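Here's the letter readout for the chains.
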Amino acid sequence: VTCTEWNDFLQATGGRRPQGFPGPTDDPVRMITLADAEAFCRWRSVRPDGKPRVVTFRLPTEDEWERAARGPAGTEFPWGPLFEDWRDDAAIGGELKRVRSFRSDQNGWGLFDVVGNVQELTSTRREGLVVKGGSIATSRARSGAGVQHPAVKPGDEASPTIGLRVFAFERR
């Protein structure tokens, strides 16, 4: 979710502005709580006229996130099974970049930034909130799709290195 998308949410709902929020940019939104993320999903699941959308949005489970991050090839990284050196300068242990800044970072399902920029909240809880993916604060060894990161204690998820990715599911 970009800061532009989050800004739309804030304007529509009067929601909480995250600390250091830059306004409408293509940066990943950060410094949000689980409650903020869940409110965003509820808002995104309703059309502007108040009627439900055809899809509902929510945080993915850890397993859903990992499957999506691996893409159809099922690899640890969007580009294949091994970490590639160019990624060190992208968003692993580096500076935050705009969403979709690196075209070769796209997996076979069109997802970007699952290995770097910010880690992403999931709906899974295991001794805390489970985050997935790499970030500007993770090493290459801790950036793959299958890496299990230490759980984040509820209340500590508002971090400069944690954002969110939402999944859309058909309503039933």
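What comes next is a walk through the structure. Just so it is clear, the structure is predicted and the values come from calculations on it, not from any experiment.

Glancing now at unusual backbone geometry. The backbone of Asn117 shows a phi angle near 80°, a positive value even though the residue is not glycine. Relative to the helices and strands, Asn117 is located in the loop between α3 (62–70) and β2 (119–125). In this model, Glu127 sits at a positive phi of 60°, which is unusual for a non-glycine residue. Residue placement: Glu127 occurs in the loop between β2 and β3 (129–132).

Side chains Leu129 and Val131 project from β3 onto one buried face, and the interleaved Val130 and Lys132 project onto a second face that is buried too. Bridge count between β2 and β3: three bridges; the pairing is antiparallel. The partner of Leu121 across the bridge, within β3, is Val131.

In total, this model carries 12 salt bridges according to the counting rule given. The partner of Arg126 in a salt bridge is Glu62, with the nearest N and O atoms 2.8 Å apart. Highlighted residues: Arg126 in the loop between β2 and β3 and Glu62 in helix α3, separated in sequence by 64 residues. A residue is classified by how much of its surface remains accessible, and Arg126, at 33% relative accessible area, is partly exposed. Accessibility expressed as a relative area gives 7% for Glu62, which makes it buried. Of the charged contacts in the structure, one is a salt bridge between Lys132 and Glu62, with a shortest N-O distance of 3.9 Å. Of this pair, Lys132 sits in strand β3 while Glu62 sits in helix α3; the two residues are 70 residues apart in sequence, bridging distant segments of the chain.

Definitions and cut-offs
- Residues numbered from 1 in each chain as written.
- Predicted model: local features only at pLDDT ≥ 70, side-chain atom pairs only at ≥ 80, totals over all residues.
- Heavy atoms only, no water.
- Helix = DSSP H or I, 4+ residues; strand = E, 2+ residues; numbered from the N terminus.
- Buried < 20%, exposed > 50% of the residue type's maximum accessible area, 1.4 Å probe, protein only.
- Pairing = 2+ DSSP bridges.
- Salt bridge = Lys/Arg side-chain N within 4 Å of Asp/Glu carboxyl O.

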